[in-house]
Amino acid sequence: LMTAVIPVMILLPFLGALVIGLTPARRVEVFRPIAVLASGGTAAVAAYVLTQFESGEAGYQFVVDRTWIADLGISMHFGIDGISLFLVLMTAGIFPIAILGAKPHHDPKPYYAWLLILQAGSIGVFCALDLVMFFVFFEIVLVPMYFLIGMWGHGRRTYAATKFFLYTMAGSALMLVGIFALALLQSNATGDPLTFDIVTITDNLAVSTTAGRWIFVALAIAFAVKVPLFPLHTWLPDAHTEAPTAGSVILAAVMIKLGTYGFLRLGIEMLPEA
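Residues numbered from 1 in each chain as written. Predicted model: local features only at pLDDT ≥ 70, side-chain atom pairs only at ≥ 80, totals over all residues. Heavy atoms only, no water.

Caption draft 1: Layout of helix H11 (residues 245-269). An ideal rise of 1.5 Å per residue puts 36 Å on 25 residues; H11 measures up with 34 Å between its terminal C-alpha atoms. Considering bend angle alone, the principal kink of H11 is centred on Leu-251 and spans about 45°. (Helix = DSSP H or I, 4+ residues; strand = E, 2+ residues; numbered from the N terminus. Expected span 1.5 Å × (residues − 1). Bend = angle between axes of the 7 residues up to and from the residue.)

Quick look at the structure:
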């Protein structure tokens, strides 16, 4: 049961989005209840995680570790520790509130589906313990937010959505370079097979000081865009102003935490010297 909670929290919103996608568009009255049910169910599982979390234990709990692409050392490795626990809880809890608190003016079907995909992606980021998995979920959240701002936003919504997307994509490109450089240099230094496992790399970091600093810079720029930190912050006022109410709530409550979490997990924890 303990190993199932993270997959359930990630897959339940995805499943809700799939059900909404398969429901005929004329059934307007069912999209919101499905979204509330899927996001609320995820919040209930997160509450259970809080009750079962052993606060006296160091390290990760509720760990899931399955090989995904063996040749590249990529695994579906997830876990929750003291840093990610309350971020997962907040993400799970804020989405039902945002869904209940504001209705879209048009096209409820894709609106609720995108919100659920956004919830699944955000929880995935906070639980991922593999660099590639972290990157995948970090990117998944971009797409729903782009459409939420672009389709249900106000005034200059297209401009705001495009600016948000371009800024974060540019940052993410640097992060991808940093991730692959770290994995390759780590493999060369240790002589071990290629791995993207955050825990393994953190415990046995073997890259040179200089390389570590450059990798940190690449990751830090990506996270600085996401936080966002000056002078990479100019997308945020536009995105906040033009986003629909639920989008703005989630942007403030969840999405700008992704960057700070990245600094803690991949910066300070994995590359402490840099």
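Caption draft 2: Spotlight on the side chain of Gln-186. Residue placement: Gln-186 occurs in helix H7 (residues 157-190). If near-sequence neighbours (up to four positions away) are discounted, Gln-186 is found in contact with Ile-201, Asn-204, Leu-205, Ala-206 and Val-207. (Contact = heavy atoms within 4.5 Å.)

Caption draft 3: Focus on a nonpolar patch on the surface. On the surface, a nonpolar cluster with roughly 410 Å² of combined accessible area is contributed by Leu-15, Leu-18, Val-19 and Leu-22. You can see Leu-18 is positioned in helix H1 (residues 5-22). (Patch = residues over 30% accessible without salt bridge, like charges linked within 9 Å, V, L, I, M, F, W, Y side chains within 5 Å. Areas by Shrake-Rupley, 256 points an atom, 1.4 Å probe, with all protein chains shown as cover. Salt bridge = Lys/Arg side-chain N within 4 Å of Asp/Glu carboxyl O.)

Caption draft 4: Region of the structure containing helix H4 (residues 108-127). If you check H4, its first and last C-alpha atoms are 29 Å apart, about what 20 residues at 1.5 Å a residue would give, namely 28 Å. Counting buried positions over the 20 residues of H4 gives 17, a clear majority of the element. (Buried < 20%, exposed > 50% of the residue type's maximum accessible area, 1.4 Å probe, protein only.)

Caption draft 5: Representation of unusual backbone geometry. That bond from Val-227 to Pro-228 is cis: its omega, -10°, falls within 30 degrees of zero. Of note, the amide linkage connecting Phe-230 to Pro-231 takes the cis form, showing an omega dihedral of 5°. If you trace the backbone, Pro-231 turns up in the loop between helix H9 (209-226) and helix H10 (235-242). Unlike most non-glycine residues, Phe-62 shows phi in positive territory, near 55°. In this fold, Phe-62 is placed in strand S1 (residues 61-69). Positive phi, close to 45°, is recorded for Asp-107, a residue that is not glycine. For Asp-107, a relative accessible area of 41% translates into the label partly exposed.

Caption draft 6: Representation of the side chain of Asp-197. Inspection of the secondary structure puts Asp-197 in the loop between H7 and helix H8 (198-203). Polar side-chain contacts of Asp-197 include one of 2.5 Å to the side chain of His-77. (Polar contact = N/O pair within 3.5 Å; in protein donor to acceptor, adjacent residues only side chain to side chain.)

Caption draft 7: How the structure looks around the packing of aromatic side chains. By the definition in use, this model includes 13 aromatic pairs. With 4.8 Å between their ring centres and 10° between their planes, Trp-114 and Phe-147 make a pair best called stacked. Separated by 33 residues along the polypeptide, Trp-114 in helix H4 and Phe-147 in helix H6 (residues 142-152) bring together distant segments of the chain. On the basis of relative accessible area, Phe-147 is assigned to the partly exposed category, the value being 29%. When the centroid spacing of 5.9 Å and the interplanar angle of 75° are considered together, the rings of Phe-138 and Phe-223 count as edge-to-face. Taken as a pair, Phe-138 in helix H5 (residues 131-140) and Phe-223 in helix H9 lie far apart in primary sequence, 85 residues in all. Both residues of the pair, Phe-138 and Phe-223, belong to the buried class. Members of the aromatic cluster, connected to one another through ring pairs, are Trp-114, Tyr-146, Phe-147 and Phe-165. The aromatic ring of Tyr-159 is capped on one face by Arg-156, whose charged end is 4.3 Å from the ring centroid. (Phe/Tyr/Trp six-rings, centres within 6.5 Å; stacked < 30°, edge-to-face > 60°. Lys NZ or Arg CZ within 6 Å of the ring centre and 35° of its normal.)

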